[in-house]
Amino acid sequence: MRLKSLGGYVNARLEKETPIFNKQRIDFAPPEKINSLVVSSNQLCMSLGKDTILRIDLGKPDEPNQVELGRKDEARVYKMFLDHTGSHLLIALNTSECLYLNRSVQKVRALSRWKGHLIESVGWNKFLGSETNTGPILVGTSQGQIYEAEISVSEGSLFSTNPDQYFRQVYTLEEESGPAPVCCLEIERGIEGKFFIIATTRKRLFQFVGKVPEGTEQQGFSSIFAMHADHLPSFREFPANLGFSEIAFYTPKLRSNPRSFAWMMGNGVLYGTLDYSRPDSILSDERVWVYPSDIDITVNKPISIVLTQFHFLLLLPDRVKAVCTLNGQVVFQDLFLEKFGLLTCMIKDPTVQQIWIHTEKVVFRYHVQRESRDVWKMYMNMNKFDLAKEYCKDRPECLDIVLAKEAEHCFQNKRYLDSAKCYALTQNYFEEIALKFIEAKQEEALMEFLIKKLSNLKPSEKTQTTLLTTWLTELYLNWLGILEGDPSQRNLYLDTREKFRTFLSSPKNKDCLFNNRASIYELLASHGDTEHMVYFAVIMQDYERVVAHHCQHDEYDEALNVLSRHRDEKLFYKFSPVLIQHIPKKVVDAWISMGSRLDARNLIPALVNYSQSASTQQINEAIRYMEFCVYQLEETQQAIHNYLLSLYALCRPDSLLSYLEQAGTNPNRIHYDLKYALRLCAEHGHHHACVHIYKVMELYEEAVDLALQVDVDLAKSCADLPEDDEELRKKLWLKIARHVVQEEKDVKKAMACLSSCALLKIEDVLPFFPDFVTIDHFKEAICNSLEDYNKHIEELKREMEEATQSAKRIREDIQEMRNKYGSVEPQEKCAACDFPLLNRPFYLFLCGHMFHYDCLLQAVFPNLPAYKQAKLEDLQKKLAATSQPSKSHHRPKDADTISLGKGQQSREQIKADIDDIVAAECVYCGELMIRSIDKPFIDPQKYEEEMQSWL
């Protein structure tokens, strides 16, 4: 089976690609023949016939503008020059005159200072030029002179002065035979204020380099030419000539410096790049591409040249040829039909990268489309692989070809590692590449290839990932095994080991290694590499294997370090029984550092197993952890508290009682088992602790009985605990008294018991004393008892007299209230509704407030408890029932009277009950008003309704 790595590409073109240079004929029929054409910034100007200038804004081609020169002599347009903004047009005439036309005006102006010079070239100022001013520019003539000039258009009127501000000679170009026409001029600015001026003649290319002080750029370039007054500037010269020359530049972006140039001269085309950091010359990487074999400069010499990013185009009388600047090969040729006439000129608009060609009667335009589409092939064939990859990075099928070629090139030159890196990125068959490195015995390069190939796999390619991962692991282990046995290769071994560990810990390989960890463990075991087995287990977070390894090799500290570092609770539970046998203090410290993450109940088996075979000092470690759980973590688990109790009972009796007392006496808040604690303390003879437990269990008799065996004072403290049960307290104190009398035979202590408990009397204690005891021991106690009885009798008499007096005063108050009355004036009004009081039944309170019955009921009812509201409603229904007349008209008269009498009696009782509820107190002065002080004035349920009523 052959594996095609990373899939493959389908390199199929569904339709024919458009050519790089796509020609378009302009739909334009000139009325006269075209003499000259220039274009810049989407502004096209052409000379038609003898006296017409046609200007077209290519953004609005339907609005051409025609300007007449107004010449009546035989002067004709020789050349035209348009600046980079498309605003300034210079028209050179064959009569050694020059005209100027600005884009914003319609009238041509003559440049008087330029008269007498046949203009061959213009070097525009791209840095200071604007739509109204050219800034300092350079002008080349047919006699070799270079002039500096400036043209300005004043605002507000056509011309306030002559447009040519000045026109002065700055230099003369010469060849070996004397002055030669200045064919081309170009001005460029480099870094640090340095200017480069390029001027060409038929055979020479001159460079003028110099700095113009900052702020003096407007003064022109005279200073640069003055530097070369005494000696010739640097120049290139070629023996052959065309009778003229032309130079073209390629500018990648608008308002940036040109990056390359192409000079068309007699021997061919001089092509190179422009390096503005060089001190004396910006021309760099120069080479001459000779003309194609079918071009004979004596018969069909080239007319014009245009430069693009990777090609220069040569204009011949009947065709256009495009030559690649990388290899000098003709990549495009376009033959024009004879009916169009001979080709005259070719020019490029640098702002939109369009090429224009015209004959005397037809205009063509070329669009440059995806010029770099095949550049990668040329760079690849030149072994410039980085550049080739740069130009096909968005075309994966081409990039694959480049990478394969680069990989093969590196392999042939024995650069195996570089070859492996490139092969890993290609679509070549995986087996072929792997076998290639195996046959060359380049195991390191094979590993590099596998690593790169692995890094390029997709997550879905799990089978390939598993294959490469396993193979790489085997290769690494073999290589490490070879290097480890060679002391001279120690550094290489360490470096390879680090790479292997990086490979194992790579996040990209994590899932694959985890899913196939069993196979990796087998490989590591087969090579006996325990070091990396542990390392791999740590990466896989297989800490159980790591800890087990350390424990098997008695490396208990290392095992504990792994547990502490990764803080896995399950591993602590599993390995603590082993570790605590050897390093108990460190283990307990680790447990404490884990805090509440560990469940102490799961560690109790380890502690129990350890404490059964350890000494008291070692058991203290178990106590230390249990105390941490109880006091620091505030554990409430009964098993933990019971185990701590057992340790205290076994080794720390002095801490046992303090623990029990700290736990408290409320059985609901005690976390240990009371019965288990009692049994444990009894087995170890800790009586004080048993007494405390009895008290908690509220077994006070058992507590007193056991306390009497230890300490009478302890028994006394137990006897006072049942505060709500006087009978039990008395019984407990009698036990203490009997013990003191009968066991200790101490009469004084017995008398002290009487003073400690008020419930005991001398008569309760006397039966415990033997018959031979004299009364002298009890005289004081008996006298005190009799005095207490006497005081009690006197107190009862005083209470009876006070009760008699209180009853008498109450009877007098009742009699007085029966005779009390109040008067109501006719004009009195209800305190609630403010209507006359006597119109309806009313109530009069002692405080002076008066209310109608129904008004008082309405005020009181909402504030009554629910049960009183229900009772009041029931009484009102009964009252209404008694007030209805009898429906029977045939009953005897005596029966009606009897019934009416019974009804009147019941009605009075009902009204009295209603009065007790409604008129119990004044609604304004009683407790009802006090209870309502925190109630809102507006019921919350009716708040919205009330608020809307105010709007």
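None of the values given here were measured: they were computed from a predicted structure.

Glancing now at the packing of aromatic side chains. What the rule picks out here adds up to 29 aromatic pairs. Here Phe310 and Tyr391 contribute two aromatic rings whose centre-to-centre distance is 5.1 Å and whose plane-to-plane angle is 85 degrees, an arrangement assigned as edge-to-face. One end of the pair, Phe310, is in the loop between strand S24 (304-307) and strand S25 (311-315); the other, Tyr391, is in the loop between helix H3 (385-390) and helix H4 (396-412), with 81 residues separating them in the sequence. Note on Phe310: relative accessible area 3%, which makes it buried. Between the aromatic rings of Tyr659 and Tyr672, the centroid separation amounts to 5.9 Å while the plane-to-plane angle is 50 degrees, which identifies the pairing as tilted. Remark: Tyr672 occurs in the loop between helix H20 (653-663) and helix H21 (674-683) and Tyr659 occurs in helix H20; sequence separation between them is 13 residues. By relative accessible area, which is 3% here, Tyr672 ends up buried. Every member of this aromatic cluster is reached through a ring pair, and the members are Phe411, Tyr416, Tyr423, Phe430, Phe437, Phe449 and Trp471. The ring of Phe336 carries Lys23 above its face, with NZ or CZ at 4.2 Å from the centroid.

We now examine the sheet that holds strand S17 (residues 194-200). Across the sheet, which stays open at both edges, the four strands sit in the order S16-S17-S18-S19 with antiparallel pairing between neighbours. Of all the strands in the sheet, just strand S16 (184-189) and strand S19 (234-237) have a single pairing partner and so form its edges. Between one strand axis and the next, the sheet turns by 15 degrees as a mean value, whatever way the strands run. Across four bridges, strand S18 (residues 204-211) lies against S19 in antiparallel orientation.

Looking now at the packing of helix H5 (residues 416-423) against helix H6 (residues 430-439). Axis separation between H5 and H6 bottoms out at 11 Å; the angle between their running directions is 170 degrees. Judged on the interaxial angle alone, H6 and H5 are roughly antiparallel. Where H5 approaches H6, its residues Tyr416, Ser419, Ala420 and Tyr423 are matched on the opposing element by Ile433, Lys436 and Phe437. For the contact of H5 with H6, the class distribution of residues is five nonpolar, one polar and one charged.

What follows concerns the pairing of strand S2 (residues 34-40). Across the seven residues that make up S2, a large majority, six, are buried. Pairing analysis gives six bridges linking S2 to strand S3 (residues 43-48), with the strands arranged antiparallel. By the bridge assignment for S3, Val39 is matched with Leu44. In textbook terms, the turn of a hairpin is the stretch between consecutive antiparallel strands, and for S2 and S3 this stretch comprises two residues, one of which, Ser41, has a positive phi near 50 degrees.

Where H4 contacts H5, the two axes come as close as 8 Å, and the packing angle between them is 160 degrees. By the criterion of interaxial angle, the relationship of H4 to H5 is roughly antiparallel. Considering how the two elements wind past one another, H4 and H5 form a crossing that is left-handed. On the side of H4, the interface is formed by Leu403, Glu406, Ala407, Glu408, Cys410 and Phe411, while H5 contributes Tyr416, Asp418, Ser419, Cys422 and Tyr423. Split by residue class, the contact of H4 with H5 holds seven nonpolar, one polar and three charged.

Another aspect to go through is the pairing of strand S21 (residues 260-265). Note on strand geometry: in a regular strand, side chains alternate between the two faces of the sheet. Counted residue by residue, S21 has six buried out of six residues, so it is predominantly covered. In S21, alternate side chains face the same way, and those of Ser260, Ala262 and Met264 on one face and Phe261, Trp263 and Met265 on the other are all buried. Counted along the chain from S21 to the antiparallel partner strand S22 (residues 268-274), the turn is two residues long.

This paragraph deals with the pattern of salt bridges. Enumeration over the complete set of coordinates arrives at 32 salt bridges. The partner of Glu188 in a salt bridge is Lys126, with the nearest N and O atoms 2.5 Å apart. Taken together, the residues Glu188 in strand S16 and Lys126 in the loop between strand S10 (119-123) and strand S11 (137-141) connect sequence positions 62 residues apart. Note on Glu188: relative accessible area 1%, which makes it buried. In this structure Lys126 comes out as partly exposed when scored by relative accessible area, which is 31%. Residues Arg319 and Asp318 are paired through a salt bridge, measuring 3.2 Å at the closest nitrogen-oxygen approach.

Relative to the helices and strands, Tyr171 resides in strand S13 (residues 164-172). Spatially, the C-alpha atom of Tyr171 lies 8.4 Å from that of Gly144, the residues being 27 residues apart in sequence. Aside from chain neighbours lying at most four places away, what touches Tyr171 is Gly144, Gln145, Ile146, Phe208, Phe225, His228, His231, Leu232 and Pro233.

Here we take up the sheet that holds S3. In space, the four strands of this open sheet follow the order S2-S3-S4-S5, with antiparallel pairing throughout. In this open sheet, the two edge strands, each paired with only one partner strand, are S2 and strand S5 (65-68). Taking the axes of each pair of neighbouring strands and ignoring which way they run, one obtains an average angle of 20 degrees across the sheet. As paired elements, strand S4 (residues 52-57) and S5 share four bridges and run antiparallel to each other. Counted as the bridge partner of Ile53 is Val67 from S5.

Here the focus is the side chain of Glu371. Here Glu371 shows up in the loop between strand S30 (363-368) and helix H2 (375-381). Here Glu371 occupies a buried position and makes no salt bridge, while the nearest side chain of opposite charge, Lys348, is found at 8.0 Å. A distance of 2.8 Å separates the side chain of Glu371 from the backbone nitrogen of Phe310, its partner in a polar contact. The contact partners of Glu371, leaving out residues within four places of it in the chain, are Ile20, Thr308, Gln309, Phe310 and His311.

The subject of this paragraph is the confidence of the model for the protein chain. Taken as a whole, the protein chain shows an average pLDDT of 81; of its residues, 87% reach a score of 70 or greater. The low-confidence segment residues 1-15, where pLDDT is below 50, has 28 contacts with residues more than four positions distant or belonging to other chains. For the stretch residues 886-905, pLDDT sits under 50, and the model shows two contacts to residues farther than four places along the chain or on other chains.

Between the first and last C-alpha of helix H19 (residues 638-651) there are 20 Å, a value that for 14 residues agrees with the 20 Å anticipated at 1.5 Å per step. In terms of residue burial, H19 counts as a mostly covered element, since ten of its 14 residues are buried. Listing the buried residues of H19 in full gives Ile640, His641, Asn642, Tyr643, Leu644, Leu645, Ser646, Leu647, Tyr648 and Ala649.

Glancing now at the environment of Gln309. Relative to the helices and strands, Gln309 is located in the loop between S24 and S25. For the pair Gln309 and Pro252, spaced 57 residues apart in sequence, the C-alpha separation works out to 7.5 Å. Those residues in contact with Gln309, other than ones at most four positions away along the chain, are Tyr250, Tyr271, Thr325, Glu371 and Tyr391.

Proteins that are soluble and globular tend to have nonpolar side chains buried together. In this structure, Phe437, Phe449, Leu579, Trp591, Tyr625 and Met626 are the most contacted members of the largest nonpolar core, which totals 108 residues. When residues in this core are grouped by element, the largest group, eight residues, is from helix H18 (residues 616-632). Among residues more than four places away in sequence, those in contact with Phe437 are Phe411, Tyr416, Ser419, Ala420, Tyr423, Gln442, Ala445, Leu446 and Phe449. In this structure, Phe851, Val860, Ile910 and Ile917 belong to the second largest nonpolar core, which totals 21 residues.

Before going further, it helps to examine the state of the cysteines. Under the definition given, this model contains zero disulfides. You can see Cys422 has no disulfide; the closest cysteine sulfur is in Cys410, sitting 5.1 Å from it. Judged by its relative accessible area of 8%, Cys422 is buried. Cysteine Cys847 is unpaired, with the sulfur of Cys922 as its nearest cysteine sulfur at 3.6 Å. For Cys847, a relative accessible area of 42% translates into the label partly exposed.

What follows concerns unusual backbone geometry. The phi torsion of most residues other than glycine is negative, and most of the peptide bonds are trans. Its identity is not glycine, yet Asn42 carries a phi of approximately 65 degrees, on the positive side. Relative to the elements of secondary structure, Asn42 occurs in the loop between S2 and S3. For Lys414, which is not a glycine, the phi torsion comes out positive at approximately 65 degrees. Tracing the chain through its elements places Lys414 in the loop between H4 and H5. For Lys414, a relative accessible area of 61% puts it in the exposed group.

Basis of the calculations
Starting from 1, residues in each chain are numbered consecutively following that chain's sequence as written. A pLDDT threshold of at least 70 governs which residues receive local features in this predicted model, and a stricter bar of 80 or more applies before side-chain atom pairs are shown or counted, although totals over entire chains, interfaces and linings include all residues. The basis for every side-chain value is the complete set of non-hydrogen atoms in the structure, without hydrogens or water. What counts as a ring pair is set by centres within 6.5 Å for rings of Phe, Tyr and Trp (its six-membered ring), and what kind of pair is set by the plane angle: stacked under 30 degrees, edge-to-face over 60, tilted for all other angles. Per the convention used, a helix needs a DSSP run of H or I reaching at least four residues, while a strand needs a run of E reaching at least two, with both numbered from the N terminus. Exposure categories follow from relative accessible area, calculated using a 1.4 Å probe and restricted to protein chains: below 20% of the type maximum is buried, above 50% is exposed, and the middle band is partly exposed. Whether a charge sits over a ring depends on NZ of Lys or CZ of Arg being within 6 Å of the ring centre and within 35 degrees of the ring normal. Here, any two strands with at least 2 DSSP bridges between them count as paired. Helix axes are fitted to C-alpha atoms over the stretch in contact, other axes to C-alpha atoms as well, and angles between N-to-C directions run from 0 to 180 degrees. For classification purposes, an angle smaller than 35 degrees is called roughly parallel, one larger than 145 roughly antiparallel, one from 65 to 115 roughly perpendicular, and anything else oblique. Note on definitions: a residue-residue contact is assigned when non-hydrogen atoms from the two residues lie within 4.5 Å. When residues are sorted by character, Ala, Val, Leu, Ile, Met, Phe, Trp, Tyr, Cys and Pro go into the nonpolar class, Asp, Glu, Lys and Arg into the charged class, and all the rest, Gly among them, into the polar class. Each crossing gets its handedness from the near helix: less than a right angle anticlockwise from the far helix is left-handed, clockwise is right-handed. Here a salt bridge means any side-chain nitrogen of Lys or Arg lying within 4 Å of a carboxyl oxygen belonging to Asp or Glu. Just so you know, the count uses Lys and Arg for positive and Asp and Glu for negative, and it drops His and the chain ends. Any pair of N or O atoms that falls within 3.5 Å is considered a polar contact. Within protein, one atom must be able to donate a hydrogen and the other to accept it, and sequence-neighbouring residues count only if both atoms are side-chain atoms. Confidence scores here are pLDDT values: one per residue, from the predictor, ranging 0 to 100. One less than the number of residues in a helix, times 1.5 Å, gives the span that helix is expected to have. By nonpolar core we mean a set of buried residues, namely Ala, Val, Leu, Ile, Met, Phe, Trp, Tyr and Cys, connected to one another through side-chain atoms within 4.5 Å. In what follows, a disulfide is any cysteine sulfur pair within 2.5 Å.

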